[in-house]
Amino acid sequence: MQDSIPLVVGIDVGGTKTHLRALTGSGSVADHVRPSSGWRPHEPAVAADWLTALIQEALPHGAPPSAVAVGGHACETPRQCEHIRAALHQRLGVPVSVVGDAELLVPAAGLDKGVGLVAGTGSVAVGRLCDGTAVQVGGWGAVLGDEGGSAGLVREAARAVWAAHDCGEAPDELALRLIAAFGVSEVPALGAALEGASDVSAEWGRHAPAVFAAAEAGSRLAAEVIAEGGRALAALVVRLAERGVPVDDVVVAGSTVLAQPMLYGAFTASLRTVLPGARPRPLDVAPVDGAVALARSIL
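Residues numbered from 1 in each chain as written. Predicted model: local features only at pLDDT ≥ 70, side-chain atom pairs only at ≥ 80, totals over all residues. Heavy atoms only, no water.

Peer 1: Just give me the short version of the environment of L194, but keep the residues and values in it.
Peer 2: Note on placement: L194 falls in helix α6 (residues 190-195). Once the C-alpha coordinates of L194 and F182 are considered, the two residues, twelve residues apart in sequence, prove to be 8.2 Å apart. Apart from the residues within four sequence positions on either side, L194 is in contact with A158, W162, F182 and W204. (Helix = DSSP H or I, 4+ residues; strand = E, 2+ residues; numbered from the N terminus. Contact = heavy atoms within 4.5 Å.)

This is the structure in structure tokens:
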């Protein structure tokens with residue numbers, strides 16, 4: 001490979017899988033997907049070693065990168081991202097950018113500014129002030145937040161079912177489907193089932209299809225939970241707007257919101273009400289394209 005042709009590497013480290021894409025000019029050098037097991041973003045040296053090994057694994061021998069950009073799951077603050085960036089730069093000796101994985105959405109959509117909103121297992125929204133300062137809202141995990149993500153929807157569905165039970169109501173379709181999903185015999189047993197999860201986000205989140213199925217079967221409780229999830233996602237964008245982030249374009253991604261029309265519709269309807277000028281844009285390319293665009297920008 002000629003030295004005059006830069007090789008840019010973009011990496012999207014998700015909660016489950018990691019996608020690396022390397023390009024030179026307009027040609028693909030690598031398109032590599034692997035599990036994200038071993039990713040430890042709260043330990044910068046370990047994270048940098050993990051990324052270095054990934055790059056060496058994915059790129060052809062003798063093809064060093066010219067610039068690398070990483071969108072990292074659970075890279076939650078500018079300080080944390082900077083520590084990983086510095087450690088990775090020390091190992092690679094080339095320009096490096098590290099941001100939270102939600103920050104890949106806006107550049108992936110070909111935009112210079114806007115909001116990246118993710119609602120998969122969890123939920124988070126990110127943007128930048130006019131001076132370039134990154135702002136993140138949400139993303140607090142299934143126990144405390146992540147409203148509108150799959151785990152948060154299951155949590156709120158369980159709360160709705162418990163409230164109905166306390167009012168003496170017979171189990172509706174939502175209650176019956178949650179009981180079946182968690183493999184318990186009655187509504188009161190749902191509490192122990194949720195609390196006994198070893199990986200709360202993953203184990204709660206995988207039962208979200210039961211909430212949507214219950215809504216489709218006519219459950220009023222399920223429909224209300226989904227509608228509130230959509231309102232909560234729109235509220236994340238409102239928080240960014242209140243902090244001065246441009247919100248004209250809202251790039252939406254995530255395995256839950258884009259796969260479930262009922263949730264996406266609830267989100268867009270609420271967004272039209274609270275921020276009429278904001279334009280939701282479902283992301284139709286891989287988020288790793290945003291990492292490639294960032295890598296090109298730092299050459």
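From this point, things continue past the structure.
Peer 1: Account for helix α11 (residues 288-297), with residues named and values stated.
Peer 2: For α11, the set of buried residues is V288, G290, A291, V292, L294 and A295. Residues of α11 that are buried in the fold lie against β1 (7-13), β2 (17-24), β4 (67-72), β5 (96-100) and α3 (105-108). (Buried < 20%, exposed > 50% of the residue type's maximum accessible area, 1.4 Å probe, protein only.)

Peer 1: A description of the sheet that holds β1 should follow, citing residues and the corresponding values.
Peer 2: With respect to topology, five strands assemble into an open sheet ordered β3-β2-β1-β4-β5, the strand pairing being mixed. On the outer flanks of this sheet lie β3 (27-35) and β5, each paired with one strand and no other. Averaged over all adjacent pairs, the angle separating strand axes in this sheet is 10°, with direction ignored. Of the strand pairs in this sheet, β4 and β5 are connected by five bridges, and their pairing is parallel. Residue V68 lies in a different strand from β5, and its bridge partner there is V96. Relative to β3, helix α1 (residues 44-58) is tilted by about 130°, and along the sheet it contacts β1, β2, β3 and β4. Contacting β1, β2, β4 and β5, α11 crosses the sheet at an angle of about 140° to β1. (Pairing = 2+ DSSP bridges. Axes fitted to C-alpha atoms, helices over the stretch in contact; angles between N-to-C directions.)

Peer 1: If you had to explain unusual backbone geometry to someone new, which residues and values would you point to?
Peer 2: Positive phi values are uncommon outside glycine, yet A74 reaches one of about 65°. With respect to the helices and strands, the residue A74 is situated in the loop between β4 and α2 (78-92). Classification of A74 as partly exposed rests on a relative accessible area of 22%.

Peer 1: Quick rundown of the side chain of H19? Include the residues and the values.
Peer 2: Along the chain, the position of H19 falls in strand β2. For H19, a relative accessible area of 13% gives the class buried. A polar side-chain atom of H19 sits 3.3 Å from a polar atom in the side chain of D31. Beyond its immediate sequence surroundings of up to four residues, H19 is in contact with G10, I11, D12, D31, H32, V33, A286 and V288. (Polar contact = N/O pair within 3.5 Å; in protein donor to acceptor, adjacent residues only side chain to side chain.)

Peer 1: Can you tell me about the state of the cysteines, naming the residues and giving the values?
Peer 2: Within the structure shown, the criterion is met by one disulfide. The side chain of C75 participates in a disulfide bridge whose partner is C81; the two sulfur atoms lie 2.4 Å from each other. Across this residue pair, the class does not change: C75 and C81 are buried. (Disulfide = S-S within 2.5 Å.)

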